[in-house]
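Spelled out from the first residue to the last, the chains are:
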Amino acid sequence: MPKPSSASQARPPAPVPDPPAPGRDRWVDAGIVAVVAVALRLPAFLASAHLSFDDGVYGASAVAMRAGGAPFRDVFSSQGPLWLPLVWLGDAVTFRASSSPRTVAVAAGAVLAVAVYLAGREVTGRAGALIAAALVAFSGSALWTTGPLTSDGAGEALGAAAVATALAYRRRPGPGRAVVIGLLAGAALAVKILLVMPAVLVAALVVVAAGRRRDVAAAGVAAAVLVVAATLPWGVAKVYQQSVAYHTGVSHERTPGANLDKALSTLADRDLTVLVAGLVAVGAGAVLAVARRRRGQAGSPRTPGHPARRDRLVGGRAPLVVWVLLATAVLALEAPMWRNHVVHLVVPLALLIGASRVPWPLVATAAVLAVPWQLAGLGGVLRPPPYRGAAAATAAELRRMPPGAQAISDDPGLVWRSGRLTPPNFVDTSVLRITSTDARVDLTEDDVVAAAAEPRVCAVVQWSGDRFGRFRALGTRLAAAGYRSFGPDLGRGRHLWLKRPCRPPSARAAIAAPSGRDGGAEARGR
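Residues numbered from 1 in each chain as written. Predicted model: local features only at pLDDT ≥ 70, side-chain atom pairs only at ≥ 80, totals over all residues. Heavy atoms only, no water.

Asker: Explain the confidence of the model for the protein chain to me, please; I cannot follow it from the model alone.
Answerer: Detailed reading of predicted coordinates is not advised where the pLDDT is low. Looking at the protein chain as a whole, its pLDDT mean stands at 90, while 88% of the residues score no less than 70. Low confidence marks residues 4-21, where pLDDT is under 50. Its contacts with residues over four positions away, or in another chain, come to 23 contacts. Segment residues 507-526 is flagged for pLDDT under 50; beyond a separation of four residues in sequence, or across chains, it makes 35 contacts in the model. (pLDDT = per-residue confidence, 0-100. Contact = heavy atoms within 4.5 Å.)

Asker: When you look at a nonpolar patch on the surface in this model, what are you seeing that I'm missing?
Answerer: Taken together, Val28, Ile32 and Val36 make up a surface patch of nonpolar side chains, about 240 Å² in accessible area. For valine 36, the location among the structural elements is in helix 2 (residues 24-46). (Patch = residues over 30% accessible without salt bridge, like charges linked within 9 Å, V, L, I, M, F, W, Y side chains within 5 Å. Areas by Shrake-Rupley, 256 points an atom, 1.4 Å probe, with all protein chains shown as cover. Salt bridge = Lys/Arg side-chain N within 4 Å of Asp/Glu carboxyl O. Helix = DSSP H or I, 4+ residues; strand = E, 2+ residues; numbered from the N terminus.)

Asker: Would you explain the side chain of lysine 192 in this entry?
Answerer: Secondary-structure assignment places lysine 192 in helix 9 (residues 175-192). Looking at lysine 192, its side chain comes within polar contact range of the side chain of glutamine 79, at 2.9 Å. (Polar contact = N/O pair within 3.5 Å; in protein donor to acceptor, adjacent residues only side chain to side chain.)

Asker: Mind showing me how you'd approach the pairing of strand 4 (residues 495-499) here?
Answerer: Walk down a regular strand and you will see the side chains alternate between the two sheet faces. Most of strand 4 sits inside the fold, with four of its five residues counted as buried. As judged from the four bridges shared by strand 2 (residues 457-462) and strand 4, these two strands associate in the antiparallel manner. The residue bridging valine 461 from the neighbouring strand is leucine 496, located in strand 4. (Buried < 20%, exposed > 50% of the residue type's maximum accessible area, 1.4 Å probe, protein only. Pairing = 2+ DSSP bridges.)

Asker: Got a minute to help me understand the packing of aromatic side chains in this structure?
Answerer: One pass over the full model with this rule turns up three aromatic pairs. Centre to centre, the rings of phenylalanine 76 and tyrosine 246 are 5.4 Å apart; their planes meet at 80 degrees, and the pair counts as edge-to-face. Of this pair, phenylalanine 76 sits in the loop between helix 3 (53-66) and helix 4 (83-93) while tyrosine 246 sits in helix 12 (residues 236-248), and the two are 170 residues apart along the sequence. Taking NZ or CZ as reference, arginine 417 lies 4.4 Å from the ring centre of tryptophan 416, over its face. The lysine or arginine in question, arginine 433, covers the ring of phenylalanine 76, its NZ or CZ lying 3.8 Å from the ring centre. (Phe/Tyr/Trp six-rings, centres within 6.5 Å; stacked < 30°, edge-to-face > 60°. Lys NZ or Arg CZ within 6 Å of the ring centre and 35° of its normal.)

Asker: Explain the state of the cysteines here, please?
Answerer: Working definition: the covalent bond between the sulfur atoms of two cysteines is a disulfide. On inspection of all chains with the given rule, the structure shows one disulfide. For cysteine 458, the disulfide goes to cysteine 502, at an S-S distance of 1.9 Å. Judged by the torsion about the S-S bond (80 degrees), the cysteine 458/cysteine 502 disulfide is right-handed. On the criterion of sequence distance, the pair formed by cysteine 458 in strand 2 and cysteine 502 in the loop between strand 4 and helix 25 (507-512) is long-range, its members being 44 residues apart. Take cysteine 458 and cysteine 502: they sit in the same class, and that class is buried. (Disulfide = S-S within 2.5 Å.)

Asker: Even after reading the chapter, I still don't get the pattern of salt bridges, so can you show me in this structure?
Answerer: A side chain of one charge can pair with a side chain of the opposite charge if their charged atoms are brought near each other. Considering all chains together, one arrives at 16 salt bridges under this definition. For arginine 121, the salt bridge goes to aspartate 25, with nearest N and O atoms at 3.4 Å. Linking arginine 121 in helix 5 (residues 103-123) with aspartate 25 in helix 2, this pair joins segments that are 96 residues apart in sequence. On the basis of relative accessibility, which here comes to 25%, the residue aspartate 25 falls in the partly exposed class.

Asker: Is there a simple way to think about the nonpolar core in this case?
Answerer: The nonpolar side chains of soluble globular proteins are, as a tendency, buried together. Counting residues in hydrophobic clusters, the biggest one holds 98 residues, and the most contacted among them are Trp83, Val87 and Trp323. Top contributing element to this core by residue count: helix 5, with 13 residues. (Core = buried A, V, L, I, M, F, W, Y, C linked by side-chain atoms within 4.5 Å.)

Asker: I keep staring at the sheet that holds strand 1 (residues 406-409) and nothing clicks. Help me out?
Answerer: Strand pairs in the sheet, formed through backbone hydrogen bonds, run parallel or antiparallel to each other. The strand order across the open sheet formed by four strands is 1-2-4-3, and the pairing between neighbours is mixed. On the outer flanks of this sheet lie strand 1 and strand 3 (483-485), each paired with one strand and no other. The average undirected angle you get between the axes of adjacent strands in this sheet is 20 degrees. The sheet contacts of helix 20 (residues 389-400) involve strand 1, strand 2 and strand 4, and relative to strand 4 the element is tilted by about 10 degrees. Across the face of the sheet, helix 23 (residues 445-452) comes into contact with strand 1, strand 2, strand 3 and strand 4 while running at roughly 150 degrees to strand 2. (Axes fitted to C-alpha atoms, helices over the stretch in contact; angles between N-to-C directions.)

Asker: Before we go on, may I ask you to explain unusual backbone geometry in this structure?
Answerer: What is expected of a backbone is that most residues other than glycine have negative phi and most peptide bonds are trans. In this chain, alanine 335 is followed by proline 336 through a cis amide linkage whose omega measures -5 degrees. The residue proline 336 is located in the loop between helix 16 (318-333) and helix 17 (343-354) in this model. The omega torsion of the bond from arginine 500 to proline 501 falls at -5 degrees, within 30 degrees of zero and hence cis. Counting through the fold element by element, proline 501 comes out in the loop between strand 4 and helix 25. Even without being a glycine, phenylalanine 95 presents a positive backbone phi close to 65 degrees.

Asker: So what exactly am I meant to see when it comes to the pairing of strand 1 here?
Answerer: Every second residue of strand 1 is oriented toward a common face, with Gln406 and Ile408 on one face and Ala407 and Ser409 on the other, all of them buried. As defined by bridge partners, strand 1 adjoins strand 2 across four bridges and the pair is classed as parallel. Considered in strand 2, the bridge of isoleucine 408 is made with valine 460.

Asker: Please explain the packing of helix 6 (residues 126-137) against helix 17 as it appears in this structure.
Answerer: In a pair of packed helices, the angle between the axes and the distance between the axes together describe the arrangement. Relative to each other, helix 6 and helix 17 sit at 150 degrees, their axes nearing to 8 Å. Compared by their axis directions, helix 6 and helix 17 come out roughly antiparallel. In this structure, the crossing between helix 6 and helix 17 has a hand that is right-handed. Contacts between helix 6 and helix 17 involve Gly128, Ala132, Leu135 and Val136 from the first element and Val347, Ala350, Leu351, Ile353 and Gly354 from the second. (Parallel < 35°, antiparallel > 145°, perpendicular 65-115°, else oblique. Left-handed = near helix turned anticlockwise from the far one by under 90°.)

Asker: In this structure, what is going on with helix 3? I would like to understand it.
Answerer: For an α-helix, the turn length of 3.6 residues means that residues three or four places apart are oriented alike. Compared with the 20 Å implied by 1.5 Å per residue over 14 residues, the 20 Å span of helix 3 between its first and last C-alpha is a close match. Extensive coverage of helix 3 is indicated by the burial of eleven of its 14 residues. The set of residues buried in helix 3 consists of Asp55, Gly56, Val57, Tyr58, Gly59, Ala60, Ser61, Ala62, Val63, Ala64 and Met65. Each element contacted by the buried residues of helix 3 is listed here: helix 4, helix 8 (151-171) and helix 21 (413-417). In the stretch just after helix 3, glycine 68 is the one whose phi turns positive, near 105 degrees. (Expected span 1.5 Å × (residues − 1).)

Asker: Would you mind showing me how to read helix 17 here?
Answerer: Here helix 17 spans 17 Å end to end across twelve residues, near enough to the 16 Å set by a 1.5 Å rise per residue. Within the span of helix 17, buried status applies to Val343, His344, Leu345, Val346, Val347, Pro348, Ala350, Leu351, Ile353 and Gly354.

Asker: I'm lost on the side chain of aspartate 29 in this one. Help?
Answerer: Looking at the secondary structure, you find aspartate 29 in helix 2. For aspartate 29, a relative accessible area of 5% translates into the label buried. Of the polar contacts made by the side chain of aspartate 29, one reaches the side chain of arginine 126; its length is 2.7 Å. Not counting the four nearest positions on each side in its chain, aspartate 29 is found in contact with Tyr117, Arg121, Arg126 and Leu130.

The following block contains the structure:
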């Protein structure tokens, strides 16, 4: 027998990931992923207390919209023009119950996990896609943004859906998919604008790289039409003032190093499974690459029919690498950067981990071993406690107010979870508004005192030294307007002022009465 050649003795190249299977298994998996994601978020959905400042702001916004307030015109909105309409829709389809405003957040959690799974099936096998979806479904950053009510989770869910559709378009391009990509990208931008830009750019890159000009035009037009349609009902000027100029007009020092340090510490606190699995994937991948090089094994072959340059840009896992790099750059450069924003990095990281060429049992085992430590830091969202102490006492007093009475707070969630309505201009009492120098969006001590003088407002709550605590004469001025300080000491500079006597008009009159920004501006001559 002839002696085998050295070429025939060499090991075959590493197998290319399984092609996406159009069969039922993908949709069965997607259904299971969605159910698990929703189940993990039910405790946050049902929580009797507000779970974060944003959760309270948007919960109070939903109640204000129930009372007839319109986004931007009446209800202050710092997010994109589609966000509050989505909150309103989720609230309506779940019958406007106490926790109904959180519906859109829980739905976003399911959409996000499913989008990650479907995107994973386009770049790796079934096991890798399931690992990526599980990492996102259980991610602390995702739980804190798709359980409690925040725009970050919904924006990233739409962005991830756009990327998943774009990766499917890469395999089977067509004008229909291009339009869907454009609609999803436009919806993401109409919710979160800047922070979803990495996902939108990756989806756009995939469509452009296909070289089908009509599809590119169709996707672009679909995205533009959706953004315009979401903006026009509320007025372009108001949307720009509140969702764009409001953020860009506040001066913040850009600190890329500090931002990246905060992102890394957030991964360690909230996303230990992602961090550990990622480190294992990188380390094991490096070891396997060295071993393959020593054996003289070539890398995976290129997909037939695709130019080398296109492979480098949008082939295989390249879009995920681009997504991670862009998301990291946005987090490093934005100002201010909040911990919730890390979800925009976690999603592409999880996909890249799932698509790594490391044996999936190794990655899965590493993630599972980190679960107990991650659970220890997620009690606030997986086992949310009720109000206690000063918060419970404040909520009880707000509930005792007469029917139709409203309240103003620098932590609006206290008012929402007490079953009370917040005047629509005061649903967002963030530090950015209080420190803003733009009279069209700022909140001042004069605004609070003027609104507190309205017959339907019977309580003012100061919960933070950084917000209403900046108004040094607030207590004195409220006392002059007929308010009395709540007896027990709430501690930490917190105060509850109650109007005595409190005689609000009927609920119908309270809903109809003006309490928006324009009325407040007129009251102080602006």
